[in-house]
Amino acid sequence: MRTEDRGRPETEYGTNADGAETSTTCESAGARTLARFARPRADTETALAVVSDPHVSTAKTGTWKAFHRTEARLRAALADADARGVDGVVLTGDLTEDGRPDDVERVADLLGALDAPFVAVPGNHDVPKAFDEHETPPVASFEARFTPDGLPFRARLGGVDVLGLDSATAPDGELDATHDGEISAGQREWLDGALADAEAPLVVSHHNLPGLDARVGADGYAPHPPVGDATAFADALAGHDALHVSGHVHLPAAMSGDFRGLICPPLSSFPQAYVLAEIGPGGTTLRQVPVADEAGLAEARELARDHSTRSADVCEMVEAQLADLPLVDER
């Protein structure tokens, strides 16, 4: 955090069910610890806001992603991050619902108003696909707007090296490739070199590592398989004091062992929250920060329960995960 902001009361900016901005204290808003990791550690106390799956849509309404709230939720998360004086904002993909130019412009405007620096990786909803009925901007346009210098990237935020990967691009434009995701061999080679001298590395991709199915237990099921070539990707992370963060499945989960990972809660659907990552000499603490008040949270839960069998199942798993926090505690 910036020195001048330390010691201030933590203020949260949320939105009510009508999308109006509100503010509450951290305690009353219900910020909760998702995970504590022994590593990574940074010499400089660093606070990062990690935002996943905002799915901003300026035209659509409804569905379990609560499209009519998406712009307000992203605005609230970014306002809260700036109020906390974070050292940077990291977005793990699906910034927009389907890459429509108007939605991309809206996201770019909101991020451009941040006091804190930001970086982002693309999600499967951000990249062009063969069946798009509109002209989705190319990945090169995403890189120019939302990355420091193309993909993959390395960005220094506070005392942390953020390493961004593209798991969403499919050269042939097929949905199954973009939805499943893959970290290419070239990117894994780049990552191996970057991790060799990275300080407190935070590795970012949209698609998740293996381990989610083990976390939800025998009675549940993983809502989506891990990224393609997951074993090779996990091997690239093993042996390094890195933390991997991702989104995509709209279900918070954490992994510990040969590699460390957090699948972030979604901003668009229940529980409509972002992650505050605090990395310092003692390790890494990850907290879920809500951006909706009780009415907005209830709306998101109801939409998830009523929209489809899949969304209802994911909602149930989210509630089970949040009833058993922290998901990982190495300290």
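Residues numbered from 1 in each chain as written. Predicted model: local features only at pLDDT ≥ 70, side-chain atom pairs only at ≥ 80, totals over all residues. Heavy atoms only, no water.

Draft legend 1. The environment of W190, seen in detail. Tracing the backbone through its elements, the reader meets W190 in helix α6 (residues 185-196). W190 gets classed as partly exposed once you look at its relative accessible area, which sits at 27%. In contact with W190, other than residues within four places in its own chain, are P152, F153, R154, L163, G164 and L165. (Helix = DSSP H or I, 4+ residues; strand = E, 2+ residues; numbered from the N terminus. Buried < 20%, exposed > 50% of the residue type's maximum accessible area, 1.4 Å probe, protein only. Contact = heavy atoms within 4.5 Å.)

Draft legend 2. Structural view of the pattern of salt bridges. Evaluated as defined, the whole model comprises 20 salt bridges. A salt bridge links D80 to R84; the shortest N-O distance between them is 2.6 Å. Here R84 and D80 lie together in helix α2 (residues 70-84), a separation of four residues that amounts to about one turn. The residues D80 and R84 share a single accessibility class, namely buried. A salt bridge links R156 to D161; the nearest nitrogen and oxygen atoms lie 3.2 Å apart. For D161, a relative accessible area of 6% corresponds to the buried category. Look at the salt bridges and you will find they share partners, linking K60, K65, E97, D98 and R100 into a network. (Salt bridge = Lys/Arg side-chain N within 4 Å of Asp/Glu carboxyl O.)

Draft legend 3. Just the nonpolar core, in detail. Among the nonpolar cores identified, the biggest contains 64 residues, and V162, L191, V203 and F233 are the most heavily contacted of them. With near-sequence residues (within four places) excluded, F233 lies in contact with L165, I183, R188, L191, V203, S205, L209, V227 and H244. L74, A81, A108 and V289 belong to the second largest nonpolar core, which has 28 residues in total. (Core = buried A, V, L, I, M, F, W, Y, C linked by side-chain atoms within 4.5 Å.)

Draft legend 4. Just the pairing of strand β5 (residues 88-91), in detail. Residues G88 and V90 line one face of β5 and the alternating positions V89 and L91 line the opposite face, and both faces are buried. Considered for its hand, the β-α-β crossover made up of strand β4 (residues 46-51), α2 and β5 is right-handed. Two elements, β5 and strand β6 (residues 118-120), share three bridges in a ladder whose sense is parallel. The residue of β6 that forms the bridge with V90 is V119. The parallel pair β5 and β6, bridged by helix α3 (residues 101-112), forms a crossover whose chirality is right-handed. (Right-handed = clockwise from strand over helix to strand, strands pointing away. Pairing = 2+ DSSP bridges.)

Draft legend 5. The sheet that holds β5, seen in detail. If you walk across this open sheet you meet the seven strands as β6-β5-β4-β13-β14-β3-β15, and the pairing is mixed. The open sheet is flanked by β6 and β15 (328-329), the only strands paired with a single partner. The pairing of β4 with β5 spans four bridges and is classified as parallel. Counterpart to V50 in the pairing with β5 is V90.

Draft legend 6. Examining helix α10 (residues 309-322) more closely. Spanning 14 residues, α10 covers 20 Å between terminal C-alpha atoms, matching the ideal 20 Å at 1.5 Å per step. For α10, the complete set of buried residues consists of S311, V314, C315, M317, V318, Q321 and L322. Viewed end-on, α10 has its buried residues packed into an arc of 165 degrees, placing them on one side of the element. Within α10, the exposed residues directed more than 90 degrees away from the buried face are T309 and E316. (Expected span 1.5 Å × (residues − 1). Arc of directions from axis to C-beta.)

Any functional reading would require information that these geometric values do not contain.
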